[in-house]
Amino acid sequence: MASSCANHSPKLVFRQLFEKESCTYTYLLADAGHPQKPALLIDPVDKTADRDLALVKELGLKLIYAINTHVHADHVTGSGLIKTKFPGVKSVISNASNAKADLFVEPGDKIYFGDIFLEVRATPGHTLGCVTYVTGDGPNQPQPRMAFTGDALLIRGCGRTDFQGGSSDKLYDSVHSQIFTLPKDTLVYPAHDYKGFTVSTVGEEMLYNPRLTKDKEIFKNIMQNLNLSYPKMMDVAVPANMVCGLQDTKSEAC
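Keep in mind the model is a prediction, meaning the values are calculated, not measured.

Criteria and cut-off values
Residues numbered from 1 in each chain as written. Predicted model: local features only at pLDDT ≥ 70, side-chain atom pairs only at ≥ 80, totals over all residues. Heavy atoms only, no water. Helix = DSSP H or I, 4+ residues; strand = E, 2+ residues; numbered from the N terminus. Contact = heavy atoms within 4.5 Å. Areas by Shrake-Rupley, 256 points an atom, 1.4 Å probe, with all protein chains shown as cover. Lys, Arg positive; Asp, Glu negative; His and termini not counted. Charge placed at Lys NZ, Arg CZ, Asp CG, Glu CD. Salt bridge = Lys/Arg side-chain N within 4 Å of Asp/Glu carboxyl O. Buried < 20%, exposed > 50% of the residue type's maximum accessible area, 1.4 Å probe, protein only. Core = buried A, V, L, I, M, F, W, Y, C linked by side-chain atoms within 4.5 Å. Pairing = 2+ DSSP bridges. Phe/Tyr/Trp six-rings, centres within 6.5 Å; stacked < 30°, edge-to-face > 60°.

Peer 1: Which parts of the structure should I look at to understand the overall build of the protein?
Peer 2: Secondary structure assignment for the protein yields 6 helices and 13 strands. The C-alpha extent of the protein, read off along each of the three principal axes, is 50 × 45 × 30 Å. By sequence separation, contacts in the protein at least 24 residues apart represent 62% of the contacts at least 6 residues apart. Total accessible area on the protein stands at roughly 11100 Å², and carbon and sulfur atoms take up 52% of it. Between the averaged position of the 26 positive side-chain charges in the protein and that of its 28 negative side-chain charges there is a distance of 2 Å.

Peer 1: Please clarify how the environment of Met242 should be interpreted in this entry.
Peer 2: As for its placement among the helices and strands, Met242 is situated in the segment after α6 (234-241). For the pair Met242 and His70, spaced 172 residues apart in sequence, the C-alpha to C-alpha distance is 9.7 Å. When residues no more than four places from it in sequence are discounted, the contact partners of Met242 are Val71, Ser97, Asn98, Ala99 and Lys100.

Peer 1: Explain the pattern of salt bridges here, please?
Peer 2: Where charged atoms from two side chains of opposite charge come close, those side chains can pair. Under the counting rule described, the total for this entry stands at 13 salt bridges. In this structure, Lys216 and Asp169 form a salt bridge, with 3.3 Å as the shortest nitrogen-oxygen distance. Remark: Asp169 occurs in helix α3 (residues 168-179) and Lys216 occurs in helix α5 (residues 216-224); sequence separation between them is 47 residues. The partner of Lys220 in a salt bridge is Asp169, with the nearest N and O atoms 3.6 Å apart. Of this pair, Lys220 sits in helix α5 while Asp169 sits in helix α3; the two residues are 51 residues apart in sequence, bridging distant segments of the chain. On the basis of relative accessibility, which here comes to 28%, the residue Asp169 falls in the partly exposed class. The network of salt bridges with shared partners includes Asp169, Asp173, Lys216, Glu217 and Lys220.

Peer 1: Mind showing me how you'd approach the nonpolar core here?
Peer 2: Generally speaking, a soluble globular protein has its nonpolar side chains buried in company with each other. Core analysis: the largest hydrophobic core is formed by 23 residues, its most contacted members being Leu29, Leu40, Ile111, Leu118, Tyr133 and Phe148. Those residues in contact with Ile111 that lie beyond four places of it in its chain are Leu40, Tyr65, Ile67, Val92, Val105, Ile116, Phe117, Leu118, Val120 and Tyr133.

Peer 1: How should I be thinking about the sheet that holds strand β11 (residues 146-150) in this particular structure?
Peer 2: Each strand in a sheet pairs with its neighbour through backbone hydrogen bonds, running either in the same direction (parallel) or in the opposite one (antiparallel). Taking strand neighbours across the sheet as the criterion, the 6 strands line up as β8-β9-β10-β11-β12-β13 in an open arrangement whose pairing is mixed. Each edge of the sheet is formed by a strand with only one pairing partner; in this case those strands are β8 (110-113) and β13 (200-201).

Peer 1: Please clarify how the packing of aromatic side chains should be interpreted in this entry.
Peer 2: We describe a pair of aromatic rings using the distance from one ring centre to the other and the angle between the two ring planes. A complete count under the given rule lists 10 aromatic pairs for this structure. Ring centres of Phe14 and Phe148 lie 6.2 Å apart, and the angle between their planes is 50°; on these two criteria the pair is classed as tilted. You can see Phe14 sitting in strand β2 (residues 12-19) and its partner Phe148 sitting in strand β11, a full 134 residues away along the chain. Exposure remark for Phe14: the relative accessible area of 2% places this residue in the buried category.

Shown next as structure tokens:
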């Protein structure tokens, strides 16, 4: 159900959680060295929200943020549902997504949970509002660094670029300028994997990613000829995720 990497930092709690229907990874991070043990969830899924919240309780953590890398098209986010169960939690998404949330982030922003923080990097291309969250660079931050890349960079792949304002040109530039410039030992944690891989590194993807190692024109040609089917959840997921996963919400804020 969960896996952990114990050597990132003596203070960091990290769990990688999986939702099998959409092959989505949700990530739980917390600062165990802080008195309140503040925690956040990245890309929660509605169907596994109860599981994730039970784990938060078991570990004695205080959940403060439910964060999305972008407006997903293949599942409904759990951030709104989590807020109904843990009213103190704030939902977070990029301002460029045009979705509803409690907090909107811009490139360069830092999201603190205790003494640990995530840096926000704009990585549009899969959607207009995609961001990558990267653990901070500093002596008191987890090492090696960790990049939560959403659908921008997958393990040996990348997200499709044929809907939601997608652009293969932008995606190529995003990955090369915002992710491939990170230290090569930076751990890559995507929002999905369909082959059972759990983690990669920036260095690995720079060498072995079959799409993003090509030059831009070849990459664009690859992306234009994927011939992917229409996402079966898109007509439900996208409208719901624009309002934090609460399809019947009447409020102006999530």
